[in-house]
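Read off the chains here:
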Amino acid sequence: MMRRRALAFFLSVPIVAAGAAVWITDATSSSGGTPKADPSGAGGPVPPTTAAAETPESPSGPLHADARGLVPIPVEALGGPGRPWTPARDTRVRAATEAARPVAEVVAAELRAATGLPLPVVVDARSRAGTDISLVPDPDPAGRPDGDEAYELVVAEHGATIRAGAPAGLYRGAQTLRQLVPAKPPFELRPAVVRDAPRYPYRGIMIDLARHFYPPAEMRRLIDHLAAYKFNHLHLHLTDDQGWRIAIEGRPRLTGIGAATQVGGGPGGFWTADDYRAVTDYAGERFITVVPEIDIPGHTNAAIVAYPELAHDGKPHVPYTGTQVGFSSLRIDGEATYTFLDEVLGRLAELTPGPYLHIGGDETHTLEPAQYRAFMARAQPLVAKHGKQTMAWHQLASGDPAPGAILEYWGASKQDAAKVVAAARAGHKVVMAPADHAYLDMKYSGGERLGVTWAGTVDVRKSYDWEPSTHLPGMPADAVLGVEGALWGETIRSVADAEYLLFPRIASVAEAAWSPPERRDWADFRTRAAAHEARWDAQGIKYAHKLK
């Protein structure tokens, strides 16, 4: 889905033949007032109606104090003299081309919620001075960082303009604009220029639906939080001992029996195929790729209760509502297991537009190493058979990871770490999610009402003060695909509980994943992130600790 959107976007880039441009992004170029060709193809120039609005003199000084609350910190952010601009009831969200309209619709909805302004969406090649928030596809970087998520945002007295070479960049730039808009009226924006692009291509948050269930509406609220902090992957832990949360055609007992429990004995629940598609579509509109996880061969009690022939130990299993791990496993030497996996992974692949299927692979305490390797030798090809790329927790490094398999490191023994480093040196990419920094279900200091402490406590500073490229000594820096924060659900019973543990640490993970390391500084981050507390209050988020 993401690739198709990007292709459609770039197909609208100007094609020049016989001296005639047949597409236009705007009335003026990003570097001056030179007219571009008439979009009608007639050959005449378009009068530069509002060149000042599109190409204001670039600010060159430090950001004003009221515009310093940017998280994650961008590559470059400058302020300067000049009159502020205040969006008003006649302000439009302008897509400079039809290709930018879908992004403009989402951005307008987000800004309406934040400001209460009407903000109609228009498709117009020309800006209207003083009224427009403009989204301008611009394949020529003109000093802007490269990449699909790179953007330039200019705020001047004539309005705000976001330029990017791809739809994702326009959307990321709009999230920066949202942070520049004050949390309450007057919505005055001071002059600023932000040029930005992410450090890592994979920036994720893992949400555990298996221990406690989230309805789709609650997941959409969490997706909104991810989008606001420029995450681009949502890892959904869909199955575990306590519950199976996704309907699989032809396997009705997975949801009829396996989904009926959760930690503490609640009612559980599951998503239908339509629910799952709706969530992936909602995420995709915000340029977030869903990574579904079916945790195998361990963490499978819910599946075994539904289909007893899958049990490795051959014993009857009953629904489990506790929090212990490592006691369950699929049968390694039974063909029924691989028929089951072929059906489950195939159906999930059909439903998932993104490139990855996560197959878990951790905490298989009932299996011998040879059994684990034998299982992964059968399971990984099934992922490839259905056109997806394998992701797994770092224990896959002990199971002969298939070419292209991505490991997710959460931290365990030194022996595990050494195997991950060896796999990285052999060419495997690694997503860094160390539990003692990025597991957001850890308590902050030990006294909170929610969370666990098996990896210690993780206060906001500890969640911020770590470096992904050097966290595992000896691992090549270019092996790091990205960063993920994990929110396991043992103590979480509602979206409000999830927010209590996510905030403010979601901002820490966002900055580790997005920002250049030389731009990161704890004292500066603490000040910038504290500026977001008014927004969190306005959204009804009950976060655990204040930064002010």
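Please read all numbers here as calculations on a predicted model, not as lab measurements.

Undergrad: Sorry, what's going on with helix H3 (residues 101-115) here?
TA: An α-helix turns once every 3.6 residues. As a result, residues three or four positions apart point the same way. Between its terminal C-alpha atoms H3 stretches 20 Å, which fits the 21 Å expected from 15 residues at 1.5 Å a residue. For H3, the complete set of buried residues consists of Val103, Ala104, Val106, Val107, Ala108, Glu110, Leu111 and Thr115. For H3, the elements touching its buried residues are strand S4 (92-95), strand S5 (121-123), strand S6 (132-137), helix H4 (167-180) and helix H7 (273-285). After H3 finishes, the residue Gly116 shows a positive phi value of roughly 75°.

Undergrad: Looking at this structure, how should I read the sheet that holds strand S11 (residues 233-237)?
TA: Whenever strands of a sheet pair, they do so through backbone hydrogen bonds, lying parallel or antiparallel. A barrel is described by the order of its strands in space; here eight strands give the closed sequence S10-S11-S14-S15-S16-S17-S18-S19, paired in parallel fashion. For this sheet the average axis-to-axis angle between neighbouring strands, irrespective of direction, equals 30°. Pairing analysis gives two bridges linking strand S14 (residues 289-296) to strand S15 (residues 356-360), with the strands arranged parallel. What sits directly across from Ile296, in S15, is Gly360. Sheet strands touched by helix H10 (residues 369-385): S14, S15 and strand S16 (389-393). Its angle to S15, the strand with the most contacts, is close to 160°.

Undergrad: Would you take a moment to explain the environment of Lys230 for this structure?
TA: Note on placement: Lys230 falls in the loop between helix H5 (216-228) and S11. Residue Lys230 is classed as buried on the basis of its relative accessible area of 1%. C-alpha of Lys230 to C-alpha of Pro72: the two residues are 158 residues apart in sequence and 7.9 Å apart in space.

Undergrad: When you look at the side chain of Thr131 in this model, what are you seeing that I'm missing?
TA: For Thr131, the location among the structural elements is in the loop between S5 and S6. A polar atom in the side chain of Thr131 sits 3.0 Å from the backbone oxygen of Arg128. Every residue in contact with Thr131, bar those within four places of it in the chain, is listed here: Trp85, Asp90, Thr91, Arg92 and His158.

Undergrad: Please clarify how H7 should be interpreted in this entry.
TA: In this model H7 runs 18 Å from its N-terminal to its C-terminal C-alpha over 13 residues, within 8% of the 18 Å that 1.5 Å per residue would give. Residues of H7 that are buried: Ala273, Tyr276, Val279, Thr280, Tyr282, Ala283 and Gly284. The first or second residue beyond H7 is Phe287, which carries a positive phi of 60°.

Undergrad: Please explain the pairing of strand S7 (residues 151-156) as it appears in this structure.
TA: Each regular strand displays side chains that alternate between the two surfaces of the sheet. The buried count for S7 comes to six of six residues, which makes it a mostly enclosed element. Burial along S7 is two-sided: Tyr151, Leu153 and Val155 facing one way and Glu152, Val154 and Ala156 facing the other are all buried. Across five bridges, the pairing between S7 and strand S9 (residues 192-196) is antiparallel. Residue pairing in the sheet places Leu153 in a bridge with Val194 of S9.

Undergrad: How do you make sense of the pattern of salt bridges when you look at a structure like this?
TA: Charged atoms that come close allow side chains of opposite charge to pair. Taken as a whole and judged by the stated rule, the model has 32 salt bridges. Residue Arg211 pairs with Asp208 through a salt bridge whose shortest N-O separation is 3.0 Å. The buried category is assigned to Arg211, whose relative accessible area is 2%. Among the residues examined, Asp208 registers a relative accessible area of 0% and is labelled buried. With a closest N to O distance of 3.3 Å, Arg286 and Glu285 form a salt bridge. The partly exposed category is assigned to Glu285, whose relative accessible area is 36%.

About the cut-offs
- Residues numbered from 1 in each chain as written.
- Predicted model: local features only at pLDDT ≥ 70, side-chain atom pairs only at ≥ 80, totals over all residues.
- Heavy atoms only, no water.
- Helix = DSSP H or I, 4+ residues; strand = E, 2+ residues; numbered from the N terminus.
- Expected span 1.5 Å × (residues − 1).
- Buried < 20%, exposed > 50% of the residue type's maximum accessible area, 1.4 Å probe, protein only.
- Contact = heavy atoms within 4.5 Å.
- Pairing = 2+ DSSP bridges.
- Axes fitted to C-alpha atoms, helices over the stretch in contact; angles between N-to-C directions.
- Polar contact = N/O pair within 3.5 Å; in protein donor to acceptor, adjacent residues only side chain to side chain.
- Salt bridge = Lys/Arg side-chain N within 4 Å of Asp/Glu carboxyl O.

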